Amino acid sequence: MTTPENPAPPTSNISVRRGDPLVVIEGVQKHYGDFQALKDIDLTVNRGEVVVVIGPSGSGKSTLCRTINRLETISEGTISIDGDRLPSEGKALAALRADVGMVFQSFNLFAHLTILENVTLGPIKVKGVKKAEADKLARELLDRVGVGHQADKLPAQLSGGQQQRVAIARALAMKPKVMLFDEPTSALDPEMINEVLDVMVGLAHDGMTMIVVTHEMGFARKAADRVVFMADGQIVEEAVPEQFFTSPKSDRAKDFLSKLITH
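What you see is a predicted model, and the numbers here were worked out from it, not measured in a lab.

A few words on the packing of helix 5 (residues 160-172) against helix 6 (residues 190-205). It is the contact of helix 5 with helix 6, at a shortest axis distance of 8 Å, that shows an interaxial angle of 20°. On the basis of the axis angle, helix 5 is roughly parallel to helix 6. Between helix 5 and helix 6 lies a crossing whose hand is right-handed. Across from Gly160, Gly161, Gln162, Gln164, Arg165, Ile168 and Leu172 in helix 5, the residues of helix 6 making contact are Met192, Glu195, Val196, Val199, Met200 and Leu203. Looking at the contact of helix 5 with helix 6 residue by residue, the classes come out as seven nonpolar, four polar and two charged.

Within the UniProt annotation, "domain: ABC transporter" (unreviewed entry) is assigned to residues 23-257. With 39% helix and 26% strand, residues 23-257 has its two end C-alpha atoms placed 27 Å apart.

A few words on the sheet that holds strand 10 (residues 234-239). Pairing is mixed in the open sheet, where six strands are placed in the order 6-7-8-3-9-10. At either end of the open sheet lies a strand with only one pairing partner, and these are strand 6 (100-103) and strand 10. Across the sheet, the mean angle separating the axes of adjacent strands is 20° when strand polarity is ignored. Of the pairings in the sheet, the one linking strand 3 (residues 50-54) to strand 9 (residues 226-231) comprises four bridges and is parallel in character. Looking across to strand 9, one finds that Val52 is bridged to Val227. Together, strand 6 and strand 7 (178-182) form the strand contacts of helix 5, whose direction differs from that of strand 6 by roughly 170°. The strands that helix 6 touches are strand 3, strand 7 and strand 8 (209-213); relative to strand 8, the one it contacts most, it runs at about 145°.

What counts, and at which threshold
Residues numbered from 1 in each chain as written. Predicted model: local features only at pLDDT ≥ 70, side-chain atom pairs only at ≥ 80, totals over all residues. Heavy atoms only, no water. Axes fitted to C-alpha atoms, helices over the stretch in contact; angles between N-to-C directions. Helix = DSSP H or I, 4+ residues; strand = E, 2+ residues; numbered from the N terminus. Parallel < 35°, antiparallel > 145°, perpendicular 65-115°, else oblique. Left-handed = near helix turned anticlockwise from the far one by under 90°. Contact = heavy atoms within 4.5 Å. Nonpolar A, V, L, I, M, F, W, Y, C, P; charged D, E, K, R; others polar. UniProt positions renumbered as here; feature names shortened; annotations may be inferred. Pairing = 2+ DSSP bridges.

Written out as structure tokens, the structure reads:
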């Protein structure tokens, strides 16, 4: 019996945190001409929850991730962040986007700016933070992701793993309500992948709301509260990691996991 003195055991390495709904996706469809990339997507991500989205290539994972801050428009449905429906354009969209941090496959750092300047640009230009305050926060975040000593260098002077950690610090500098990660390690050499995943695991432990599209199943097992499996533009199955990886319900997920194990 679950009581305050005898709580239920955690269902993953990080106990499931069920805050109030933060990202609510309802009936979302996405078409590219005749091709339907997303089919009737319903997904709620709660505050403080880490949701990892996995599935075969072309399943719609990245498209879904990019709709959450309107980098991709949707054909039908609604997306709300912290109770506010995502506008289609204008200042309201820019304001809501500031609440949504995004880390891409490619690091997208400004090549002509120092690492410190890359991280302070958003807070200064978008949020009107004073330079001294932005610099202080940026240095704290760069220390947090392990590249504080690189603050005065240009992106080209850093390794891929270091640049991606800077990209994470840059997103965090905007103090987002939710962080989106779209295949954040897919462009990295194998030895650099863990240094980025370690930062992401740290964020998960700190309670950051995260939606992560990835092929890194070890991260999904370690850090996710919930795994969402997509195929053919649809959510086929969702479960806590232990349940999904040990006893998937759908044939599509079983087939996907069997190929991961045997190759």
